[in-house]
Amino acid sequence: NIKVEEMVPDLVPVPGRDDVYRLVRDTIAWNIDGSVDAKPRFGGSWIRFWEMKIGKNARRCSFVKCKAWAEDGGHVWIAGGNGAYIDPIC
């Protein structure tokens, strides 16, 4: 079994959180088109899911050069990864 942090070296697990990771340096990532119909298992929205997992309110879009406020929890692909991550995006 390969750990997520072995695939994406700049992605490290947050201690005490089973499925929360933090990027420690800017890396290539992009929004996954076509995931608008996907919904969290508990209902609600992906941005609320992210806020619940992180324990903070979403503020700015996760993309480095974007200064807009985050409005959605987007499915984001991180270069080198093997799946989607949820991040606040505009």
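Located above this text is the structure these notes cover.
Residues numbered from 1 in each chain as written. Predicted model: local features only at pLDDT ≥ 70, side-chain atom pairs only at ≥ 80, totals over all residues. Heavy atoms only, no water.

**Description of the overall build of the protein chain**
Assigned secondary structure in the protein chain consists of two helices and five strands. From first element to last, N terminus to C terminus, the protein chain shows the α and β order α-β-β-β-α-β-β. Against the globule reference of 12 Å for 90 residues, the protein chain gives a C-alpha radius of gyration of 13 Å, in line with a compact fold. When its C-alpha atoms are laid out on the principal axes, the protein chain stretches across 30 × 30 × 25 Å. For the protein chain, the residues scored as buried account for 29% of the 90 residues in total. Long-range pairs, those at least 24 residues apart, make up 46% of the contacts in the protein chain between residues at least 6 apart in sequence. (Helix = DSSP H or I, 4+ residues; strand = E, 2+ residues; numbered from the N terminus. Rg over C-alpha atoms; globule rule 2.2 N^0.38 Å. Buried < 20%, exposed > 50% of the residue type's maximum accessible area, 1.4 Å probe, protein only. Contact = heavy atoms within 4.5 Å.)

**Things to note about the nonpolar core**
Counting seven residues, the largest nonpolar core is built from Val8, Leu11, Cys61, Val76, Ile78, Tyr85 and Ile89. Of all the secondary structure elements, the ones that give two or more residues to this core are β4 (72-78) and β5 (84-89). Leave out the neighbours within four places in its chain, and Ile78 touches Val8, Leu11, Leu23, Thr27, Ile28, Ala29 and Tyr85. Counting six residues, the second-largest nonpolar core is a separate cluster that includes Trp46, Trp50, Ala58 and Ile86. (Core = buried A, V, L, I, M, F, W, Y, C linked by side-chain atoms within 4.5 Å.)

**Details of the pairing of β5**
Relative to β5, β4 runs antiparallel, the two sharing six bridges. Looking at β5, one finds that Gly73 is bridged to Pro88. Remark: five residues form the turn of the hairpin made by β4 and β5, two consecutive strands paired antiparallel; Gly80 in that turn has positive phi of roughly 90°. (Pairing = 2+ DSSP bridges.)

**Details of a positive patch on the surface**
Taken together, the side chains of Arg17, Arg22, Lys56 and Arg59 define a basic patch exposed on the protein surface. Take Arg17: it is sitting in the loop between β1 (11-13) and β2 (21-23). Judged by its relative accessible area of 36%, Arg17 falls in the partly exposed class. (Patch = residues over 30% accessible without salt bridge, like charges linked within 9 Å, V, L, I, M, F, W, Y side chains within 5 Å. Areas by Shrake-Rupley, 256 points an atom, 1.4 Å probe, with all protein chains shown as cover. Salt bridge = Lys/Arg side-chain N within 4 Å of Asp/Glu carboxyl O. Lys, Arg positive; Asp, Glu negative; His and termini not counted. Charge placed at Lys NZ, Arg CZ, Asp CG, Glu CD.)

**A closer look at the state of the cysteines**
A covalent bond between the sulfur atoms of two cysteines is what we call a disulfide. Tallied over the entire structure, the rule returns zero disulfides. Unpaired in terms of disulfides, Cys61 finds its nearest cysteine sulfur in Cys66, a separation of 3.8 Å. Under the relative-accessibility criterion, Cys61 is labelled buried at 7%. With no disulfide of its own, Cys90 has Cys66 as its nearest cysteine by sulfur position, at a separation of 3.5 Å. (Disulfide = S-S within 2.5 Å.)

**Observations concerning the environment of Pro9**
Looking at the secondary structure, you find Pro9 in the loop between α1 (4-7) and β1. Placed 26 residues apart in sequence, Pro9 and Ser35 show a C-alpha to C-alpha distance of 26 Å.

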